[in-house]
Amino acid sequence: MAEDDHRQDPPSPSRDARFSKLDERLRSAQAEEAARTGSERKPADRNEQLGSRVLSYLLGGLGGGALIGWVLDQWFGTSPLFLLLLMFLGTAAGFRSIIRISSKRPD
């Protein structure tokens, strides 16, 4: 067994034609899909971004407070004391953040 047998076969012209046809079909399918779905999709506007931010503050405060409270309840053996306390504090912190961003002047 010779070590020179690691050569690759030369590319055949029919293989290149198949790839070019596949590329053409792929481009036409992508163009049809872009036309069907509306390729000129608008990015999220400022109000949508602000709404997502408000939702994340609410859910983050509530969920984060509840999770930390549950962990503290497990460690200290107190039933729902820390869970409820930190859940309400997290919700209050979320509302505080929402009030803070809503009181800013628009640019």
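Computed from a predicted model, the values in this text were never measured in an experiment.

Draft legend 1. View of the packing of aromatic side chains. In the structure shown here, the tally under the stated rule is 1 aromatic pair. For the ring pair Phe76 and Phe82, a centre distance of 5.8 Å and an interplane angle of 45° mean the geometry is tilted. The class for Phe76 is exposed, based on a relative accessible area of 55%. On the basis of relative accessible area, Phe82 is assigned to the partly exposed category, the value being 24%.

Draft legend 2. Looking closely at the pattern of salt bridges. This model, assessed by the stated rule, comprises 1 salt bridge. Across the pair Glu33 and Arg36 runs a salt bridge whose closest N-O atoms are separated by 2.7 Å. Of this pair, Glu33 and Arg36 both sit in helix α1 (residues 13-37), separated by 3 residues, roughly a single helical turn. In this structure Glu33 comes out as partly exposed when scored by relative accessible area, which is 38%.

Draft legend 3. Inspection of the confidence of the model for the protein chain at higher detail. Residues of the protein chain with pLDDT of at least 70 account for 82%, and the chain-wide mean is 85. Within the protein chain, α1 has the poorest average pLDDT of any element, 82, and helix α3 (residues 81-102) the best, 95.

Draft legend 4. Here's a closer look at helix α2 (residues 46-76). Taking 1.5 Å per residue as the helical rise, α2 with its 31 residues ought to reach 45 Å, and the 44 Å between its terminal C-alpha atoms agrees with that figure. Along α2, the residues classified as buried are Gly61, Gly65, Ala66, Gly69 and Asp73.

What counts, and at which threshold
Residues numbered from 1 in each chain as written. Predicted model: local features only at pLDDT ≥ 70, side-chain atom pairs only at ≥ 80, totals over all residues. Heavy atoms only, no water. Phe/Tyr/Trp six-rings, centres within 6.5 Å; stacked < 30°, edge-to-face > 60°. Buried < 20%, exposed > 50% of the residue type's maximum accessible area, 1.4 Å probe, protein only. Salt bridge = Lys/Arg side-chain N within 4 Å of Asp/Glu carboxyl O. Helix = DSSP H or I, 4+ residues; strand = E, 2+ residues; numbered from the N terminus. pLDDT = per-residue confidence, 0-100. Expected span 1.5 Å × (residues − 1).

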